[in-house]
Amino acid sequence: MTNPQQLLHDLEWQIAAGADEVIGDVPGLMNWSDRKNSATLPQTKTTPVGITLPPVSATVTRMEPKPAVSAPVTAQTIDALKEELKNFDGCALRHTAMNLVFADGNPESDIMFVGEAPGEDEDRQGKPFVGVSGQLLDKMLAPVGLDRSNIYISNILFWRPPGNRSPTDAEIASCLPFCERHIALVRPKVLVLLGGVAAKSLLRTKEGITRMRGRWTEYQPPLGSDLTAPIPCLPIYHPAYLLRQPAAKRQAWNDILLLIKKVNETNHLKTQE
Ligand code: URA
């Protein structure tokens, strides 16, 4: 039981599953059902097998997330932006994630995809959309000749939320200026937003993805951006949603056809050698 490798493995498992606060010095003492006040623990407890344990600290130590920091993002190149993110401490997710997940694909591409947040495989490999939903996306793009050599792909969030939970508004707000700077540096001719979180955050709307998908709209750069014109933008279903709702794949395919029609009309396809 005191094998350090095993303990480390168990701890990593708990963090990956979403445990993000320490509630006591000894495991298994908390009876959540008789907790009157979330800041106070019972002084003594009896274990399920009837052994009375010594008093534990009455104060719960909560690791409060730092308030979102709205960063002045100044990077002038994509590499500099990645460096800036490596040093950014305004998003608590970086402390539970294994890796920064920045981007994949061809940064010279005219077609940029933006998703929500890395999952477990992305966190492990430090690359976006390499897990099952990324594989589905690749399968959807291949028939129209799109792949990582001729598209560029990133996320709103650059670190995995523990246990793949939905990102909080504060986490989105802290990463959004980096995502918007990313778009301004890539200068895509076409932006594809994968799922509701990306679409709502970048289009600054509360409208759901079901209503937004499959209709071209415009991404308006924020005030002070280097971008001087809006970018044609297509919200589509997130591939993770399609894995849960395969019946929606037909609509998603229609959306990919809309995308490739626009790409062919405007000749926006550059392939990396
Ligand atoms: N889902 C996302 O939104 N982004 C990834 O990188 C992986 C899964």
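What comes next is a walk through the structure. (Residues numbered from 1 in each chain as written. Predicted model: local features only at pLDDT ≥ 70, side-chain atom pairs only at ≥ 80, totals over all residues. Heavy atoms only, no water.)

**Comments concerning helix 5 (residues 132–141)**
- Listed in full, the buried residues belonging to helix 5 are Ser133, Gly134, Leu136, Leu137, Met140 and Leu141. Along the long axis of helix 5, the arc covered by the buried residues comes to 160 degrees, so they all point the same way. Those residues of helix 5 that are exposed and aimed more than 90 degrees away from the buried face are Val132 and Lys139.
- Looking at the buried side of helix 5, the elements it contacts are strand 4 (111–115), strand 5 (152–155), strand 6 (190–194), helix 9 (239–244) and helix 10 (249–266). (Buried < 20%, exposed > 50% of the residue type's maximum accessible area, 1.4 Å probe, protein only. Helix = DSSP H or I, 4+ residues; strand = E, 2+ residues; numbered from the N terminus. Arc of directions from axis to C-beta. Contact = heavy atoms within 4.5 Å.)

**What about the pattern of salt bridges?**
- If you walk through the whole model with that rule in mind, you get 11 salt bridges.
- In this structure, Arg148 engages Asp104 in a salt bridge whose closest nitrogen and oxygen atoms are separated by 3.1 Å. In this pair, Arg148 sits in the loop between helix 5 and strand 5 while Asp104 sits in strand 3 (residues 103–105), placing the two residues 44 residues apart along the sequence. When sorted by exposure, Arg148 lands in the same class as Asp104, which is buried.
- A single network of salt bridges, built from pairs that share partners, joins Asp104, Asp138 and Arg148. (Salt bridge = Lys/Arg side-chain N within 4 Å of Asp/Glu carboxyl O.)

**Overview of the site of the ligand**
- The ligand sits among Gly115, Glu116, Ala117, Pro118, Glu122, Pro128, Phe129, Ser133, Asn155 and His238.
- In this structure, Ala117 approaches the ligand through a main-chain N or O atom, which is 3.0 Å from a nitrogen atom.
- A distance of 2.8 Å is found between a nitrogen atom of the ligand and a side-chain nitrogen or oxygen belonging to Asn155.
- When the ligand sits alone it has 240 Å² of accessible area, and the protein chains cover 94% of it.
- Of the residues that constitute the shell around the ligand, the class distribution is 4 nonpolar, 4 polar and 2 charged. (Near = heavy atom within 4 Å. Polar contact = N/O pair within 3.5 Å; in protein donor to acceptor, adjacent residues only side chain to side chain. Areas by Shrake-Rupley, 256 points an atom, 1.4 Å probe, with all protein chains shown as cover. Nonpolar A, V, L, I, M, F, W, Y, C, P; charged D, E, K, R; others polar.)

**With respect to unusual backbone geometry**
- Despite not being glycine, Phe129 has its phi angle at roughly 50 degrees, a positive value.
- When you line up the elements, Phe129 lands in the loop between helix 4 (120–125) and helix 5.
- Look at Phe129 and you get buried, because its relative accessible area is 5%.
- The backbone of Arg204 shows a phi angle near 50 degrees, a positive value even though the residue is not glycine.
- Topologically, Arg204 is positioned in the loop between helix 7 (196–203) and helix 8 (209–212).

**So, the nonpolar core**
- Counting 64 residues, the largest nonpolar core has Phe113 and Trp159 as its most contacted members.
- Element by element, the count of residues in this core is highest for helix 6 (residues 169–186), at 9 residues.
- Not counting residues within four places of it along the chain, the set of residues in contact with Phe113 comprises Leu137, Leu141, Ile151, Tyr152, Ile153, Ser154, Val192, Leu194 and Leu259. (Core = buried A, V, L, I, M, F, W, Y, C linked by side-chain atoms within 4.5 Å.)

**With respect to the packing of aromatic side chains**
- Within this structure, the stated rule accounts for 4 aromatic pairs.
- Consider the rings of Phe102 and Phe158, whose centres lie 6.1 Å apart with planes at 25 degrees: the pair is stacked. One end of the pair, Phe102, is in the loop between helix 3 (93–96) and strand 3; the other, Phe158, is in the loop between strand 5 and helix 6, and 56 residues separate them in sequence.
- Assessed through its relative accessible area of 0%, Phe158 is described here as buried. (Phe/Tyr/Trp six-rings, centres within 6.5 Å; stacked < 30°, edge-to-face > 60°.)

**Quick look at the pairing of strand 6**
- Counting buried residues in strand 6 gives 5 out of 5 residues, a clear majority hidden from the surface.
- Along strand 6, one buried face is formed by Val190, Val192 and Leu194 and the opposite face, lined by Leu191 and Leu193, is buried too.
- Examined bridge by bridge, strand 4 and strand 6 share 4 bridges and lie parallel to one another. Residue pairing across strands places Met112 opposite Leu191, the latter belonging to strand 6.
- Bridge count for strand 6 against strand 8 (residues 231–236) is 4 bridges, and the pairing is parallel. Its bridge partner lying in strand 8, Leu193 is registered against Pro235. (Pairing = 2+ DSSP bridges.)

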